[in-house]
Amino acid sequence: MAPAADRNSVLGTPTLRGSALCLALSDCTDAWLAELFERAVSQPGVDPSSFALAAVGGYGRRELSPQSDIDVMLLTSPRADASGVAEALWYPVWDEGLKLGHAVRTVADAIDLARGDLDTATSLLSLRHIAGELALTEELAERSDGQWRKDARRWLAELSRTVRERHGRAGDTAFLLEPDLKDGRGGLRDVHAVHWAQAAQAVMLAGDDEAFTDAYAVLLDARVELHRRTGRRGDVLVLQEQDGVAESLGYPDADAFMGKLAAAARTIAWRSDEVWERVDAVGRSRSGLAGLWRRDRAQQISPGITLRDGEVHLDASAVDGPDPLLGLRVAVAAAEHGVRIDRDALHTLADRAVPLGDPWPDGAQELFVRLWLAGLPAIDVVESLDQVGVWNGILPEWDRVRSKPQRNAYHTFTVDRHLCQTAVNASAYADEVERPDLLVVGALLHDIGKGWPGDHTEVGIDLVDGMARRMGFNDADTAVLVDMVRHHLLLPDVATRRDLDDDETMAFVARCAGDLTTLHLLGALCEADSQATGPAAWNDWKKGLVRELVRRTEHVLAGGAAGEMVSGAFPTANQRELMAAGETVVLVDGDTLTVVAPDQAGLFARVAGVLALAGMDVLAADLYSDAGMALEVFQVAPPADPERAWATVRRDLEPAIAGQFALAARLAARAAEPFRVRRTLPGVAEPAVRINNTASRSATVVEVVANDQLGLLATIGQTMAELGLDIRVAKVQTLGPQVVDTFYVVDATGAKVTDERHLTEINRALGHAIGL
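Summarised in this report is the structure supplied together with it. (Residues numbered from 1 in each chain as written. Predicted model: local features only at pLDDT ≥ 70, side-chain atom pairs only at ≥ 80, totals over all residues. Heavy atoms only, no water.)

### Re the packing of helix α19 (residues 436–445) against helix α24 (residues 516–533)
- Following both chains from N to C, one finds α19 and α24 inclined at 45°, their axes separated by 10 Å at the closest point. By the angle between their directions, the pair α19 and α24 is classed as oblique. Crossing geometry of α19 relative to α24 is assigned as right-handed. For the pair α19 and α24, the contacting residues are L438, L439 and A443 in the first and L521, A524 and L525 in the second.
- Class assignment for the residues of the contact of α19 with α24 results in six nonpolar, no polar and no charged. (Axes fitted to C-alpha atoms, helices over the stretch in contact; angles between N-to-C directions. Helix = DSSP H or I, 4+ residues; strand = E, 2+ residues; numbered from the N terminus. Parallel < 35°, antiparallel > 145°, perpendicular 65-115°, else oblique. Left-handed = near helix turned anticlockwise from the far one by under 90°. Contact = heavy atoms within 4.5 Å. Nonpolar A, V, L, I, M, F, W, Y, C, P; charged D, E, K, R; others polar.)

Structure below.
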């Protein structure tokens, strides 16, 4: 037999995918190992009846992926000498370059080890005979299964603990940009764990096994194809492999593939979570495993709806006749009590659900709002309704965003989960706005347009206009909800990309918001949306800017002048004194760097370059010059090691200002280091240069969208210096792999740039600088 040829034949058959390929690999490996075993036990002095070869783990399940270990156990009778047999088995496998997980055990030794080791105990649950004395394998299987069931309570508690720990390490398979197909929450290992639990005690409900099987197949297909394409171990579906895996599996594109993967992972996670919640509840009780099915006294919480055993149940009276509000009533009961909906109740809702219709019946809007004002429990409740097909009867538009991936480093969640998380986050601001009902509904629908082609904001405006009217909102409230969609990015974009001391900035925001009620809704939505987007979208600096923008806009909407709300004179009196001294000064105060130096072209670029070399991320900068001296104040993100980073800045800054520091060469060398090579990520805007002469009365606003790279701010600053531009204010926003840098600039006379030729050259030079 030629094992390498057989494996290559299996791997090279494109029609073999997922479980079929695993099965074919397992079968050819079985045949090869059986042949090796027969040779090994045919050696002189070896009693064949004293040995058996068995597969365990994934190989025991006949799920041998292309890069999986071949996990086997050589079973021996108590007095047999296994050394020669083991060598004759293991060395040929190693010679083929295959990964072997191996052990030599007597049945008693294996049972003893499994008694105290979870990994061993679970691996034996998939024990499968390959060759040799069948009685040895059968004895081990029978004894290990019995021991597992006997110690079920201990093992279930241990399994539950390890599941939680694994989820903490690997994250959510459904939502990560680069998901862990095996160990993530909703990954393959979750199904294994549930099946191990089921082997100890019946923990699954009707329908679980079928749902697990279908969802598992999607993830296994992806894992097998990932292994086949890369030829490497690893279960993280990295970004650069997603298009290729999608094509190999016959999906139209990676978005469709990742959406299917997310839906499968969510199904596994939802059902698996329910299993472990039931197991944990038993562990906290004194009723033992029988408590999985205990029945506590029921508490009626609304007509036809009861709370029992920590779940919401439906009474027979609840389904006497058609009730379009039943699904929402059950959802509100579960969310407000922070419990799950009983599985039978979910199936009843799915079987008897009545669409809400257009318009919604009386009471539906109030229940819908109550659901989301209940906060975090609403997410699990809606997930349950969505898993059984009830939620789309409430919001038919949900079908277009369900499990829709956002394949960029900026967003954590799929579109539908992002909307739910935003609504839940918004509920925490209910006491800070005049209309909490509009807040949670607007938060839930702000990105609904992402389910359709085109600009998601423009699409969402039309959708929400119709949806709000269907829900029963009047014309005025509908207009507010539409404005929340239209302007959901207004405050974060203005706060991070515009000069808040510029009168026109406040006037613009006030015109968009229109009134205080809408402004407060937009402020709460901004915070809720940013928190739900991901860690790159929200931090203390951005929160401070947004809240300051809201505060100043409140003043304008109340009839005040924008100029009355400036944050303070710049430069301050102390800064003017430093400039008057005529000497170079470098001051560090927390995350703020102040530089005073003789005015010179390219000073901003030099300071920005030194900060980049020190690993600093610039957030904003204010600049001023007078009488031959320049003042530049940089706000940076908190560095990981402040002492070291600022020491580097102090060391390099003065020679850089003096022109005695090879800044460009150092930046180029640092950027060329292998670990700094950036991958191209999907879902980001095309690089662009935008010039706006209406956003400010006193300066030309230049916005640069570019892929983030070391020293980019310095490059842009140097380009502007060469064009005779004086930077007055700079704002830097990092959106995952991309940055949006905004500059308020004036020409050599201190005025806006109005010459068309100069504007054209600015566009050309900056485009070249960012690789357009």
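### Comments concerning the pattern of salt bridges
- Applying the stated criterion across every chain, the model contains 51 salt bridges.
- With a closest N to O distance of 2.8 Å, R402 and D386 form a salt bridge. Here the residue R402 occupies a position in the loop between α17 (391–394) and α18 (415–427), and D386 occupies one in helix α16 (residues 377–387), the gap between them amounting to 16 residues.
- With a relative accessible area of 10%, D386 lands in the buried category.
- R697 is the salt-bridge partner of E504, the closest N and O atoms lying 3.5 Å from each other. Remark: R697 occurs in the loop between β13 (688–692) and β14 (700–707) and E504 occurs in helix α23 (residues 503–513); sequence separation between them is 193 residues.
- Look at E504 and you get buried, because its relative accessible area is 13%. (Salt bridge = Lys/Arg side-chain N within 4 Å of Asp/Glu carboxyl O. Buried < 20%, exposed > 50% of the residue type's maximum accessible area, 1.4 Å probe, protein only.)

### Considering the side chain of E241
- Checked against the element boundaries, E241 lands in helix α11 (residues 239–248).
- Here E241 falls in the buried class, since its relative accessible area comes to 13%.
- Here the side chain of E241 touches R229 through a polar contact of 3.2 Å, side chain to side chain. (Polar contact = N/O pair within 3.5 Å; in protein donor to acceptor, adjacent residues only side chain to side chain.)

### Section: the nonpolar core
- If you look at the biggest cluster of nonpolar residues, it comprises 83 residues, and the most contacted ones within it are L33, V72, L74, L89, I130, L140 and W276.
- Top contributing element to this core by residue count: helix α2 (residues 18–41), with 11 residues.
- The residues contacting L33, other than those within four sequence positions of it, are L53, Y59, I70, V72, L89, V93 and I130.
- Judged by nonpolar contacts, the second largest core, of 73 residues, contains W270, A364, I379 and L395. (Core = buried A, V, L, I, M, F, W, Y, C linked by side-chain atoms within 4.5 Å.)

### Looking at α18
- The terminal C-alpha atoms of α18 lie 19 Å apart, and with 13 residues this matches the ideal 18 Å at 1.5 Å per residue to within 8%.
- Taken across its 13 residues, α18 has 12 buried, putting it largely inside the fold.
- All buried positions along α18 are accounted for by V415, D416, H418, L419, C420, Q421, T422, A423, V424, N425, A426 and S427.
- On its buried face, α18 sits against α12 (254–284), α15 (364–373), α16, α19 and α24. (Expected span 1.5 Å × (residues − 1).)

### So, the pairing of strand β3 (residues 100–106)
- By the bridge criterion, seven bridges tie strand β2 (residues 70–76) to β3 in an arrangement that is parallel. Following the sheet pairing, L75 is matched in β3 by R105. (Pairing = 2+ DSSP bridges.)

### Looking at the packing of aromatic side chains
- A full pass over the atoms with the stated rule returns 10 aromatic pairs.
- Ring centres of W148 and W155 lie 5.4 Å apart, and the angle between their planes is 15°; on these two criteria the pair is classed as stacked. No difference in accessibility class separates W148 from W155, as the two residues are buried.
- Judged by centre distance (6.1 Å) and plane angle (85°), the ring pair of W391 and W398 falls under edge-to-face.
- The exposure class assigned to W391 is buried, which follows from its relative accessible area of 0%.
- If you follow R128 out to its NZ or CZ, it ends over the ring of Y59, 5.2 Å from the centre.
- A cation over an aromatic ring shows up here: R417 above the ring of F413, its NZ or CZ 4.9 Å from the ring centre. (Phe/Tyr/Trp six-rings, centres within 6.5 Å; stacked < 30°, edge-to-face > 60°. Lys NZ or Arg CZ within 6 Å of the ring centre and 35° of its normal.)

### Details of the sheet that holds β14
- Here eight strands make up an open sheet; going across it, the order is β9-β10-β12-β11-β15-β16-β14-β13 and the pairing antiparallel. Bordering the open sheet on either side are β9 (585–589) and β13, each of which pairs with just one other strand. When the angles between neighbouring strand axes are averaged without regard to direction, this sheet yields 10°.
- With five bridges joining them, β13 and β14 adopt antiparallel strand pairing. Among the inter-strand pairings, A688 is bridged to a residue of β14, identified as V705.

### Some points on the sheet that holds β2
- Taking strand neighbours across the sheet as the criterion, the four strands line up as β3-β2-β1-β4 in an open arrangement whose pairing is mixed. Among the strands making up the open sheet, the edge pair consists of β3 and β4 (128–132). On average, each strand axis in the sheet is tilted by 25° relative to the strand beside it, whichever way the strands run.
- On the sheet, helix α4 (residues 83–95) packs against β1 (51–55), β2 and β3 and is oriented at approximately 170° with respect to β3.
- Packed on one face of the sheet, helix α5 (residues 107–116) meets β2 and β3 and runs near 110° to β3.

### Considerations on helix α20 (residues 456–471)
- If you check α20, its first and last C-alpha atoms are 21 Å apart, about what 16 residues at 1.5 Å a residue would give, namely 22 Å.
- Residues of α20 that are buried include every one of H456, T457, V459, G460, I461, L463, V464, M467, A468, R470 and M471, and no others.
- Contacts made by the buried residues of α20 are with α15, α17, α19 and α21 (475–486).
- One side-chain oxygen at the N-terminal end of α20 lies 3.0 Å from the backbone nitrogen of T457; it belongs to D455.

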